Amino acid sequence: MTTVASAEPRAGGPDERAGAQERARGVRFVPGQPDMWVFVLFEALVFTSYFTVYVIRRTQSPDLFLQSQAHLDLRVGVFNTLVLLVSSWAVARCVQAAREGSFSAALNNAYLTMLFGFVFLVSKVLEWATEIEQGFGFTTDEFFSFYYFLTAIHFLHLLIGFVVLGVAVYEIRSPARRSQELVETCATYWHTIDFFWVLIFALLYVMR
Amino acid sequence: MRRADGELILLWTLPVLGLIWLSAFLLFPGFVQPMSPAMSAEEVAAFYRDPENLARIRYSMILFNWFAVGLIPILALIVLQIRRMAHRTPIFSYAIIACAAGGPTIFLMANLFWLLAAFRPERDPQQTLMFNDLAWVTFSSQVGFLIAQSVILALAIYLDRHERPVFRPWVAHFNLVVAVLLIPAAFVGLAMEGPIAWDGLLSFWVRNIAIGLWIVVMGLVLAQAITRQRAEDEAMAT
Amino acid sequence: MSAATVRAVPEMPSGSLIRKIAWHWRHDDKRELWIGWWTLVIFYNLYGLLFFLIARTQPPPPPSLAPSEIVQWFDDRHYGLLYGYAFVSIVGGATAIMNATLAYTMRRMSVSRAFAYSYLVIYALATLPGMLIMGVACTVGAMRPDRDPELMSWLYDFAFLSFEGTMGVFLIGSLVWMVAVLLDENRVFPKWFGYLNLCNALTEVVVAPAWIFKRGVFAWDGAIAWWINMAVFVTYTTVFLTLLRKMIVREDFGSGPLPELESDHALEPAGALGAAR
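Residues numbered from 1 in each chain as written. Chains lettered and ligands numbered in written order. Predicted model: local features only at pLDDT ≥ 70, side-chain atom pairs only at ≥ 80, totals over all residues.

**Remarks on the overall build of chain A**
Looking only at helices and strands, chain A has eight helices and zero strands in total. Secondary structure elements of chain A occur, N-terminal to C-terminal, as α-α-α-α-α-α-α-α. Among the 208 residues that make up chain A, the fraction classed as buried is 32%. The long-range share in chain A, meaning contacts at least 24 apart out of those at least 6 apart in sequence, stands at 77%. (Helix = DSSP H or I, 4+ residues; strand = E, 2+ residues; numbered from the N terminus. Buried ≥ 20, exposed ≤ 12 C-beta atoms within 10 Å, placed from the backbone. Contact = placed C-beta atoms within 7 Å.)

Right, here's the structure in full:
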């Protein structure tokens, strides 16, 4: 009785039923919930519109943007980007481990993802603090308004990412749950946040 | 066994509330002879600065502030009666809860503006005029939740498919009439004198009498329904 | 099927709209839900008409106008504002039924009723700072064209900042609905709608700079704080109206999972669906 129960995924959960049905039919459109992909696409649209507004405003006052941009520390930007990329790698390994059934490895990778995410958060806050101390705040000029806005919105998404990772950890920890689909869904969200950061980094730090 | 303790106490707060509101209404020097929107800034400032008025304004408005939300327990009792009706969903009772959250708060806001106007009467008359305008417009024109309350109650009663409905159909008709009577007051911004102005026949007298009537009638009807409900509860218990 | 549907119901008559509506009024079990849905649809249309075409306060004017320009702005819209907001005041209470209907969707879910009550109260009180205060401020501004321009400027700020800057209610309210949808096992709404609630909640964060900037893309009339936010909000509203309609059609007044529609048959293996029916 008990061995059967621990081997089977949580009964009754709708995601699990849908996931089981999908696997039974051998059809997998996307990793994780298709719903998460709807969200990802919608957020991508919204972020793209923000980026577009940024680019348009930039072409209208190129000198101002160029000058202000010089005050950003490119090294910190690169460091932050690398940290997030590594965190994405960790969450991908987590999904892989969960798929193979090595749940303690999956758990460790999930915690590793959180760790790198946390490093990013700390680094970002320190970077903001430095810039504010140097006199570059939200209202300093238009470039910095965009800078703080985009990085803050991203920061907020990252905070949400911790909640999402928390859900993944919660799933992985208990044998009664462990929905592969849900873990993949969480990973999808995390990768998307990483992807947005790369774009933000390119626009704010690199593009001249 | 339904927990009905305290409902009669809440019900009896209604006549007490009515007395307090009526007293405050009579105490405020700008209601019995309603202030005209056509008054100039200097006239309005003089009204608030007049030592005979100022104390009455402040104390009546403090009284209103204390008891502005006094109607909410009555609305809650009405919600409970709606729940007894033969509906398929709790949507109507939820809607009255929403009205209970919105309506009295609007009255409280108007009250705040009057108190503000009276706090520093030595202020620039233009500022006193503005606070006075804000108070009157909020008080008179924001009839939305009152209309909704009546319309929703009427709908709930019409759709109550009981052999012996909780409220009889005339209560629904009455509520619709009240809702219609409240409509003209929404247009106070359009006139400085005449029936639509905030001191006029429609926007002041008809509006406030309709509200007063609603409180009295619904209070009586509610008392009847609750008494009947308690009798039924007791019959079931024995 | 539940025993309640055994009651004999006369056929819906063909013919005029009035007769059909009368039939629904008398016999349709779901009439309360349809009253709720139609109230939502009609209200949002009226809202668009009143704010965009009559009062013309949306799209919003710039916060950077000088007091004399603001006086001119009120003057240009004198009757539009007064009539428009009179009507907003009359129909504004419809939000009570609207929010009651949306709260009901949460009651139908497998989650605690706390979600329904939270949503109901949050959105009920949201109408005051989020819509009605603008009506009061614009009416007071428009009714005395000769008012001190500095005070007109204050009323202008009062109107637009309350309307657009009231964030917390919609932020928390959307998050409440999001959590309810994501936890729900009755399949009332698809999970992606839960995530869309997050997008709507985020628009309330994005609008925050409107309290700081008087020009540019982050001002209350800006490309980011208004235009993009409005696009998200309109999408969100259209989506939930559509999903709500579907939910009402599927509604079985039970407390378990809502049955899927025939056209969504492809989502479930035939065996399970047959057993549920």
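Don't stop here, the text continues.
**A closer look at the overall build of chain B**
Each helix and strand counted, chain B has nine helices and zero strands in total. Ordered by position in the sequence, the α and β elements of chain B form the string α-α-α-α-α-α-α-α-α. For chain B, the spread of C-alpha atoms along the three principal axes comes to 70 × 30 × 25 Å. Relative to its 238 residues, chain B shows a buried fraction of 44%.

**Things to note about the packing of helix H4 (residues 72–84) of chain B against helix H9 (residues 201–237) of chain B**
Residue and element names in this part refer to chain B. Remark: H4 packs on H9, axes separated minimally by 11 Å, with the N-to-C direction vectors making an angle of 50°. Regarding the angle of H4 to H9, the classification is oblique. Handedness of the H4/H9 crossing: left-handed. Between H4, through Ile74, Leu77, Ile78 and Gln81, and H9, the contact on the second element is made entirely by Met218, Gly219, Leu222, Ala225 and Ile226. (Axes fitted to C-alpha atoms, helices over the stretch in contact; angles between N-to-C directions. Parallel < 35°, antiparallel > 145°, perpendicular 65-115°, else oblique. Left-handed = near helix turned anticlockwise from the far one by under 90°.)

**Some remarks on unusual backbone geometry**
Residues and elements named next belong to chain C. In the segment running from Gln58 into Pro59, the intervening peptide bond is cis, with an omega of -10°. Its identity as a non-glycine residue notwithstanding, Arg56 has a phi of 55°, on the positive side. Structurally, the position occupied by Arg56 is in the loop between helix H2 (31–54) and helix H3 (67–76). Despite not being glycine, Phe253 shows a phi value in the positive range, around 55°. Within the secondary structure, Phe253 sits in the loop between helix H10 (223–250) and helix H11 (270–276).

**Looking at the interface of chain C and chain B**
Taken residue by residue, the interface counts 38 residues in chain C and 37 residues in chain B. Counting residues per element, the side of chain C that touches chain B draws most heavily on helix H6 (residues 114–143) of chain C, which supplies twelve residues. Tallied by class, residues from the side of chain C that touches chain B come to 24 nonpolar, eight polar and six charged. (Nonpolar A, V, L, I, M, F, W, Y, C, P; charged D, E, K, R; others polar.)

**Some points on helix H3 (residues 51–67) of chain B**
Residues and elements named next belong to chain B. Along its 17 residues, H3 runs 25 Å from first to last C-alpha, staying within 8% of the 24 Å computed at 1.5 Å per residue. All buried positions along H3 are accounted for by Ile57, Ser60, Met61 and Phe64. For H3, the arc enclosing every buried residue in end-on projection is 100°, short of the 170-degree limit, so these residues lie on one face. Those residues of H3 that are exposed and aimed more than 90 degrees away from the buried face are Pro51, Ala55 and Trp66. Looking at the buried side of H3, the elements it contacts are helix H1 (7–27), helix H2 (41–49) and helix H5 (91–119). (Expected span 1.5 Å × (residues − 1). Arc of directions from axis to C-beta.)

**Side note on the interface of chain A and chain C**
With 21 residues of chain A at the contact, the number on the chain C side is 20 residues. Mapped onto the side of chain A that touches chain C, the elements with two or more residues apiece are helix H2 (14–25), helix H3 (34–60) and helix H7 (142–173) of chain A. Of all the elements, H3(A) adds the most residues to the side of chain A that touches chain C, at eleven residues. Of the residues in the side of chain A that touches chain C, the class split is eleven nonpolar, six polar and four charged.

**Thoughts on helix H8 (residues 169–182) of chain B**
Because each turn of an α-helix spans 3.6 residues, side chains separated by three or four positions in sequence point in the same direction. Under the 1.5 Å per step criterion, the end-to-end length of H8(B) is 21 Å for 14 residues, consistent within 8% with the ideal 20 Å. For H8(B), the elements touching its buried residues are helix H7 (144–158) and H9 of chain B.

**Description of the arrangement of the chains**
For the two pairs of chains in contact, the largest share of contacts goes to chains B and C. Regarding chain A and chain B, which are not in contact, the minimum distance between any of their C-alpha atoms is 25 Å.

**Comments concerning the environment of Ile224(C)**
Tracing the sequence through the fold places Ile224(C) in helix H10. Using a count of 24 C-beta atoms within 10 Å as the deciding quantity, one classes Ile224(C) as buried. Taking C-alpha positions, Ile224(C) is 7.9 Å from Val207(C), a pair spaced 17 residues apart along the chain. Contact partners of Ile224(C), with chain neighbours within four places excluded, come to Tyr50(A), Val53(A), Val206(C), Val217(C) and Phe218(C).

**Let's talk about the packing of H3(B) against H5(B)**
Residues and elements named next belong to chain B. It is the contact of H3 with H5, at a shortest axis distance of 10 Å, that shows an interaxial angle of 155°. Relative to H5, the element H3 lies roughly antiparallel. Crossing handedness for the pair H3 and H5: left-handed. Judged by residue contacts, Leu54, Ile57, Arg58, Met61, Phe64 and Asn65 of H3 engage Leu108, Asn111, Trp114, Leu115 and Ala118 from H5. Across the contact of H3 with H5, the residue classes break down as eight nonpolar, two polar and one charged.

**What to know about the nonpolar core**
Counting residues in each nonpolar core, the largest one holds 189 residues, and the members touching the most others are Ala95(B), Ala98(B), Ile152(B), Ala96(C), Ala100(C), Tyr119(C) and Leu120(C). If one sorts the elements of this core by residue count, H6(C) sits on top with 19 residues. Apart from residues no more than four positions distant in its own chain, Ala95(B) is found in contact with Ile152(B), Ala96(C), Ile97(C) and Ala100(C). (Core = buried A, V, L, I, M, F, W, Y, C linked by C-beta atoms within 7 Å.)

**Quick look at the environment of Val53(A)**
Tracing the sequence through the fold places Val53(A) in helix H3. For Val53(A), a count of 17 C-beta atoms within 10 Å puts it in the partly exposed group. On a C-alpha basis, the gap between Val53(A) and Phe146(A) in space is 9.6 Å, while along the polypeptide they are 93 residues apart. Sequence-distant contacts of Val53(A), that is, excluding residues within four places in its chain, are made with Val217(C), Ala223(C) and Ile224(C).

**Examining the environment of Met192(B)**
All names here are of chain B. Looking at where Met192 falls in the secondary structure, it is placed in the loop between H8 and H9. Looking at Met192, the number of C-beta atoms within 10 Å reads 17, which means it is partly exposed. Counting along the chain gives 154 residues from Met192 to Ala38, while the straight-line C-alpha distance between them is 5.2 Å. Not counting the four nearest positions on each side in its chain, Met192 is found in contact with Pro37, Ala38 and Ala197.

**Quick look at the confidence of the model for chain A**
When the pLDDT values of chain A are averaged, the result is 87; 86% of them are 70 or greater. Here residues 1–12 of chain A is modelled with pLDDT under 50, and outside its nearest four sequence neighbours on either side it reaches seven contacts, counting other chains as well. (pLDDT = per-residue confidence, 0-100.)

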